[in-house]
Amino acid sequence: MNNNSLFYIWIATLLCFLLDDSVKSALDARYEACAPRNCGTGPNISFPFYVEGGGADYCGLRVFRIACQENKPIFRTARGPYIVNDIWHQNQSFRLVNMDVVGATCVAPKHSFSFDFDRGVSFSFGSSHANIQFFYGCRSKSFDLGVEKCLVPCASSNSTHLSFVALVTNDDDLQTTYRVSMQYCESQVAVPVDLDEYWKANETLQTVNYTKLLTDGFTVLWYGSESDRCVGRKRSGGRCGFQDGGTVCFCPDGPRPVSCSTGTNGTSSEHGNGVLAAAANNSAASVAGVGILLIVILCCLRKNSSFLFWKKQSQTHQNVEAFLKDYGPLQVRRYSYLDIKKMTNSFTEKLGHGGFGEVYKGKLENGCLVAVKILNDSRDDDGEEFINEVATISRTSHVNVVTLLGFCFEGPNRALVYEFMPNGSLEKFIFDESPIEKRCHPLGWEMLYQISLGIARGLEYLHRGCNARILHFDIKPHNILLDADFVPKITDFGLAKIFTRKESLISSIMGPRGTAGYIAPEIFSRSFGGVSHKSDVYSYGMMVLDMVGGRNNVNIKSENTSDIYFPHWIYKRLELNEELGLERIMSEEDQVKVKKMIMVSLWCIQIAPAERPSMSEVIEMLDGSLNSLPIPPKPFLSSPSRSSANASTTFFSFSEI
């Protein structure tokens, strides 16, 4: 760009500033005072909300006043303060988060929520509303609330001063649990949360992550604020506010009773007030001059470079933005790419990488550690994997499904922000080829058994939606993360699909989905059966066999162990009632757990989908008695080596029966 071009741009910029000042000088003070604003973070705040101290009282209703505290929008109630995460004017709702749970090491809220009322405004919860109820200072743990309760160790000082938490999905039950608890406990606190309304009736403390539900917040609907009248006023260029006890439209040239397109007496005004007309006349010549100058400059620039203003948005960008708009309010935060760079310290500490991209360690402003997945743009050309991840996991809440905290979609940059899992993925433990005595943390059979049970519960949660179910299509050890206590969490929903419960078979899957060695045969050929949730069951079975046998298929007596298909080898041992020949089986209890894992996994990898159990049945089999498990038919497909975790296709062959 030459010096002449820079000079013209400088002149145009100066004119724009002068024009802006000339227009502002003619604007009504109330119109300016009621402009949308935010606190530095969070949503834009406008009628019926207003910023306390920043916007005048005539800009909104007192019951909707918001205070800015440490760059956060705070909504104060009679019981305590809440952070405003989002405001949706189109359906008159907003999301609140209890400040007691934000960044807390011990999640134990101090106050219940109650609605405030003012000038005919009323509030209610949405259809997905439920409650997390806490009970403090309890003398005993043996009382029955009628719902499942769990101990909160960090809020319990001793055996006679215990604290408990319960999930209460029906408001009518709150009074019952309150009356019962008051016989044994000093106090109780009920905090609203949002649950998926399709799955709400079946949720328990075992199937939800209650701390995530609390930090996600809850949705409140408002009524009677005359917000519906503001739609037309905003379209006319005005801003809603109050004057003489009623709502008015603050326009650039003064208040109007209905909209900026009507006169001061409410009748239609084609030309508006003289003040606005004067401002327009004074700046018309400047606008024309600046416009012509900018057009000339930009035309010159366009000849010499691919200027940003002419760069058409890619189809991918349109796909993703359309999804984010149509999918409705998400329960996760959208970050800018600058936020992502800041939280990862400019991508300093890499945790892992794969075909999807790279994962970095990061830290949020509240000190919480996160894992940030930077998606590979070349692999996800149409944005499908990004959409799948956000669409599926943002609406889930289960202790065995990883928590998505936020995402970034900015130009070519796409990132997903997850809770940090200090123990990484399962595969690094079960595929560790170093001698057992040199492994940093060898997993015992009890731990492996609990991990397999936790994964089964997570999958069962994904599969059992009332009106919708989520099929993962890429269950494998690499996609199972372990937290500090080795609790497993399913991750990587890039290949996942959401289907209605009415769809027992899925016809819209095109081509193979998943990783070599874990893909169900019906995904390759419909001659084996239809694609359904049973395809995930097959992948789960192959993964559990990996957990049992490890990469080396230990102690298999063969000159070339890689030629032996482990499911056949282990099946033969069971059939002949021989020793399993696996490492670290130290007791009879270990033997029982290992056999149950093997039996269940062999049922899961049956070739016909109809012969495989559902994940609910898998949980029952793992929890049940070994003696009640029948030996499954012998699996008759063989698979090639699974050395590549990123392979997307594989071939199956028939082996001799």
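Here the structure is a predicted model, which is why all the values come from computation and not from measurement. (Residues numbered from 1 in each chain as written. Predicted model: local features only at pLDDT ≥ 70, side-chain atom pairs only at ≥ 80, totals over all residues. Heavy atoms only, no water.)

Undergrad: Explain the overall build of the protein chain to me, please; I cannot follow it from the model alone.
TA: Each helix and strand counted, the protein chain has 16 helices and 26 strands in total. The proportion of buried residues among the 657 residues of the protein chain is 48%. When the accessible surface of the protein chain is split by element, carbon and sulfur atoms take 51% of a total near 31,700 Å². (Helix = DSSP H or I, 4+ residues; strand = E, 2+ residues; numbered from the N terminus. Buried < 20%, exposed > 50% of the residue type's maximum accessible area, 1.4 Å probe, protein only. Areas by Shrake-Rupley, 256 points an atom, 1.4 Å probe, with all protein chains shown as cover.)

Undergrad: Honestly, the packing of helix H13 (residues 534–549) against helix H15 (residues 588–604) in this entry has me stumped. Any pointers?
TA: Angle between the axes and distance between the axes: these two values describe a pair of packed helices. It is at 8 Å that the axes of H13 and H15 come closest, and there the two elements cross at 145 degrees. For H13 against H15, the interelement crossing comes out left-handed. In this structure, H13 contributes Val-537, Tyr-538, Tyr-540, Gly-541, Val-544, Leu-545, Met-547 and Val-548 to the contact, and H15 contributes Val-594, Met-597, Ile-598, Ser-601, Leu-602 and Cys-604. For the contact of H13 with H15, the residue count by class is twelve nonpolar, two polar and no charged. (Axes fitted to C-alpha atoms, helices over the stretch in contact; angles between N-to-C directions. Left-handed = near helix turned anticlockwise from the far one by under 90°. Contact = heavy atoms within 4.5 Å. Nonpolar A, V, L, I, M, F, W, Y, C, P; charged D, E, K, R; others polar.)

Undergrad: Would you mind going over helix H9 (residues 384–393) with me for this structure?
TA: Side chains of residues three or four places apart in an α-helix project in the same direction, reflecting 3.6 residues per turn. The buried count for H9 comes to nine of ten residues, which makes it a mostly enclosed element. Buried within H9 we find Glu-385, Phe-386, Ile-387, Asn-388, Glu-389, Val-390, Ala-391, Thr-392 and Ile-393.

Undergrad: Honestly, the environment of His-353 in this entry has me stumped. Any pointers?
TA: Note that His-353 resides in strand S16 (residues 350–354). The class of His-353 is exposed, set by a relative accessible area of 62%.

Undergrad: Any chance you could explain the pairing of strand S4 (residues 81–88) here in plain terms?
TA: Successive side chains on a regular strand alternate, one facing one side of the sheet and the next facing the other. Bridging between strand S3 (residues 72–76) and S4 involves three bridges; their strand directions are antiparallel. Considered in S4, the bridge of Ile-74 is made with Ile-83. Hairpin connection of S3 to S4: four residues between the antiparallel strands, including Gly-80 at a positive phi of 160 degrees. For S4 and strand S5 (residues 93–98), the ladder comprises six bridges, and the chain directions are antiparallel. In the strand pairing of S5, Ile-83 is matched with Val-97. Between S4 and the antiparallel strand that follows it, S5, lie four residues; Gln-92 among them carries a positive phi value of about 50 degrees. (Pairing = 2+ DSSP bridges.)

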